[in-house]
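What the coordinates show
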Amino acid sequence: MARQLRAEQTRSTIITAAADLFDRRGYESTSLSDIVEHAQVTKGALYFHFAAKEDLAHAILELQSHTARRLAAETGHRGHTSLEALMRLTFGITRMSVEDPVLRAGLRLATGGIRPRPPLSHPFTEWLDIVTARLVGAVKESDVHPDIDIDVVAHSLVCFFVGTRVVGRSREPVTRQPRRTAEMWSILIRGLVPVTRRARYLSLAARLERELAPV
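Note that the structure is a prediction, hence the values are computed from the model and not measured. (Residues numbered from 1 in each chain as written. Predicted model: local features only at pLDDT ≥ 70, side-chain atom pairs only at ≥ 80, totals over all residues. Heavy atoms only, no water.)

1. So, the domain arrangement of the protein
- The domains assigned to the protein are domain 1 (1-51) and domain 2 (53-212).
- Here domain 1 and domain 2 have C-alpha centroids that lie 28 Å from each other.
- If you look at the interface, domain 1 gives 19 residues, while domain 2 gives 16 residues.
- Each partner contributes to the roughly 1,500 Å² buried at the junction of domain 1 and domain 2, and carbon and sulfur atoms together form 70% of this total.
- On the domain 1 side of the interface with domain 2, the three residues burying the most area are Phe22, Asp23 and Tyr27, jointly 43% of the side's total.
- Remark: the boundary between domain 1 and domain 2 carries one salt bridge.
- Among the ionic pairs, Arg104 bridges to Asp23, the shortest N-O distance being 3.1 Å.
- Remark: the boundary between domain 1 and domain 2 carries six residue pairs in polar contact (both at pLDDT 80 or more).
- Of all the secondary structure elements, the ones that give two or more residues to the side of domain 1 that touches domain 2 are α1 (2-25) and α2 (32-39).
- Considering each element in turn, the side of domain 1 that touches domain 2 owes the most residues, eleven residues, to α1.
- Partitioning the side of domain 1 that touches domain 2 into residue classes produces ten nonpolar, three polar and six charged. (Domains from an automatic or database assignment. Contact = heavy atoms within 4.5 Å. Buried area = accessible area lost by both parts, 1.4 Å probe. Salt bridge = Lys/Arg side-chain N within 4 Å of Asp/Glu carboxyl O. Polar contact = N/O pair within 3.5 Å; in protein donor to acceptor, adjacent residues only side chain to side chain. Helix = DSSP H or I, 4+ residues; strand = E, 2+ residues; numbered from the N terminus. Nonpolar A, V, L, I, M, F, W, Y, C, P; charged D, E, K, R; others polar.)

In structure tokens form, the structure reads like this:
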């Protein structure tokens, strides 16, 4: 059992080190030797868990997928409206991206042409499915205008969210991301939510941003 625990810890250390380098340098500019040095493990330890750099990329995308699905389930099962659940999901991903290099690396891999291995879906496909389901619920709950094109809005929201993070990565500290997510929702709420319900969701966006503000 102790040996298994050490192996799991070593695997986690290698993944975190690879994610940090993929996030900061990019996938193509990172070698396995770089990862070995950064993780402070032997080459034998790395090859025991991962035969190639592609295996590390796939492991990171798997963790990103698991985290997104877990957050979607958590926010969807707490009595929130569909729109609030969607907002909390985006802020949750933002928070974890600030704290966790694995999620930041997952985004960089996804936007850099790395394709997940089946049966794992591309992250953006997963996010589109989640956002679409939440928007369908929000329309039924009258929190979003009934005449919207859900597919178009879902696509635009995912592009907005991803684009904000990609642009921010090269222009400002990652700790700025909660503010950018709140700004995104401020624009979307004014376009999607009926006037009588806007104040509630604008207030929610401001509150969620404050909860993520650096101490």
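On we go from here.
2. A closer look at the UniProt feature "domain: HTH tetR-type" (unreviewed entry) in the protein
- UniProt records the feature "domain: HTH tetR-type" (unreviewed entry) at residues 8-68, using the numbering of this structure.
- Annotated as 80% helix and 0% strand, the span residues 8-68 places its first and last C-alpha atoms 22 Å apart. (UniProt positions renumbered as here; feature names shortened; annotations may be inferred.)

3. Side note on the layout of surface pockets
- Taken as a whole, the largest pocket holds about 230 Å³ of empty space.
- If you go around the largest pocket, the residues you meet are Leu71, Glu74, Thr75, Arg78, His80, Arg88, Phe91, Gly92, Arg95, Leu208, Glu211 and Leu212.
- When contributions to the lining of the largest pocket are tallied by element, the ones reaching two or more residues are α4 (53-76), α5 (82-99) and α10 (195-212).
- Per-element tally for the lining of the largest pocket: the top contributor is α5, with four residues.
- Residue composition of the lining of the largest pocket, grouped by class: four nonpolar, three polar and five charged.
- Around the second largest pocket sit Asp23, Ser97, Arg104, Leu107, Arg165, Gly168, Arg169, Glu172, Pro173, Val174 and Gln177, which together line it.
- Of all the secondary structure elements, the ones that give two or more residues to the lining of the second largest pocket are α6 (101-111) and α8 (150-171). (1 Å grid on protein atoms, 1.4 Å probe; cavity = no way out; pocket = protein on both sides within 12 Å on 5 of 7 lines; lining within 4 Å. Points joined across faces, edges and corners; volume = space filled by probe spheres on them.)

4. Some words on the nonpolar core
- Leu83, Met87, Val131, Trp185, Leu192 and Tyr201 are the most contacted members of the largest nonpolar core, which totals 37 residues.
- For this core, the elements supplying multiple residues, two or more each, are α4, α5, α6, α7 (123-140), α8, α9 (177-192) and α10.
- Ignoring any residue separated from it by four or fewer positions in sequence, one finds Leu83 in contact with Ala138, Glu141, Asp143, Val144, Trp185, Val193 and Tyr201.
- The next biggest cluster of nonpolar side chains, apart from the first, holds 25 residues, and it includes Leu21, Ala57, Ala105 and Leu109. (Core = buried A, V, L, I, M, F, W, Y, C linked by side-chain atoms within 4.5 Å. Buried < 20%, exposed > 50% of the residue type's maximum accessible area, 1.4 Å probe, protein only.)

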